[in-house]
Amino acid sequence: MPFIRITVAKPLAARTKQDIARGATDLIVAILGKRREVTAVLVENIAIDGWSIGGEAIDGADLTPVHAEICITAGTNNEAEKAQMIAALQALLGNILGAIPAASYIVIRDLPADNWGYAGLTQAARRQMKTGL
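Quick summary incoming for the structure in this document. Since the model is a prediction, treat every value here as computed from it, not as a measurement.

Concerning the overall build of the protein
Along its length, the protein carries 3 helices and 8 strands. Start at the N end of the protein and walk to the C end: the helices and strands fall as β-α-β-β-β-β-α-β-β-β-α. The C-alpha extent of the protein, read off along each of the three principal axes, is 55 × 30 × 25 Å. Residues classed as buried in the protein amount to 38% of the 133 residues present. Contacts in the protein between residues at least 24 apart in sequence constitute 74% of all its contacts with a sequence separation of at least 6. Surface exposure of the protein reaches about 7400 Å², of which carbon and sulfur atoms provide 53%. Of note, the protein has its 13 positive side-chain charges centred 10 Å away from the centre of its 13 negative side-chain charges.

Regarding the environment of Ala80
Summarising the element assignment, Ala80 is placed in helix α2 (residues 79-97). As a C-alpha pair, Ala80 and Leu32 span 48 residues in sequence and 10.0 Å in three-dimensional space.

Thoughts on the pairing of strand β1 (residues 3-8)
Pairing between β1 and strand β2 (residues 40-45): 6 bridges, direction parallel. Bridge pairing in β2 links Thr7 to Glu44. Note on the crossover from β1 through helix α1 (residues 14-32) to β2: the handedness is right-handed. As paired elements, β1 and strand β5 (residues 66-73) share 6 bridges and run antiparallel to each other. Residue pairing for β5: Ile4 is matched across the bridge by Ile70.

Observations regarding the packing of α1 against α2
Between α1 and α2, the shortest axis-to-axis distance is 10 Å and the interhelical angle comes to 160°. Overall, the two elements α1 and α2 adopt an arrangement that is roughly antiparallel. As α1 packs across α2, the resulting crossing turns out to be right-handed. Here α1 contributes Thr16, Asp19, Ile20, Gly23, Ala24, Leu27, Ile28, Ile31 and Leu32 to the contact with α2, which in turn contributes Glu81, Lys82, Gln84, Met85, Ala88, Leu89, Leu92, Leu93, Ile96 and Leu97.

A short note on the sheet that holds β5
In spatial order, the strands read β2-β1-β5-β6; together these 4 strands make up an open sheet with mixed pairing. Unpaired on one side and paired on the other, β2 and β6 (106-111) mark the two borders of the sheet. The sheet shows a mean angle of 15° between the axes of neighbouring strands, direction not considered. Contacts between α2 and the sheet are confined to β1, β5 and β6, with β6 contributing the most and set at about 140° to the helix.

So, α1
Look at α1: 26 Å from first C-alpha to last across 19 residues, which is about the 27 Å you get at 1.5 Å a residue. What α1 keeps buried is the set Ile20, Ala21, Gly23, Ala24, Thr25, Leu27, Ile28, Ile31 and Leu32. Here the buried face of α1 lies against β1, β2, β5 and α2.

Rules of the game
Residues numbered from 1 in each chain as written. Predicted model: local features only at pLDDT ≥ 70, side-chain atom pairs only at ≥ 80, totals over all residues. Heavy atoms only, no water. Helix = DSSP H or I, 4+ residues; strand = E, 2+ residues; numbered from the N terminus. Buried < 20%, exposed > 50% of the residue type's maximum accessible area, 1.4 Å probe, protein only. Contact = heavy atoms within 4.5 Å. Areas by Shrake-Rupley, 256 points an atom, 1.4 Å probe, with all protein chains shown as cover. Lys, Arg positive; Asp, Glu negative; His and termini not counted. Charge placed at Lys NZ, Arg CZ, Asp CG, Glu CD. Pairing = 2+ DSSP bridges. Right-handed = clockwise from strand over helix to strand, strands pointing away. Axes fitted to C-alpha atoms, helices over the stretch in contact; angles between N-to-C directions. Parallel < 35°, antiparallel > 145°, perpendicular 65-115°, else oblique. Left-handed = near helix turned anticlockwise from the far one by under 90°. Expected span 1.5 Å × (residues − 1).

Any link to function would need more than the numbers given here.
Dropping the structure here:
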């Protein structure tokens, strides 16, 4: 059950947001082995004037700043898978949005199974239900 939040400092058409969401979902299923039906993606916009790199404003003419956070359950993926996911999402975003600054960070948060969940159950509770413990 991953949650992906992608923030873009540029207005985006609804179709572009859907392309990003679809692409991110495809990657997380293929690379991290997550279930498509419980993968949630939020693509949101902020104004370019809310973004800076190195303390300097970005004019947005040549670069589109992006930040992405991926939440997954701790211990479900190894370092190589996470590195591959970061590289693939960076490439996807660049293909869709054009040039993005190197300081467009992608963060993978490994959350303890008892700290998050969906449909009213934590991931730890889901594991307990499966094992009967």
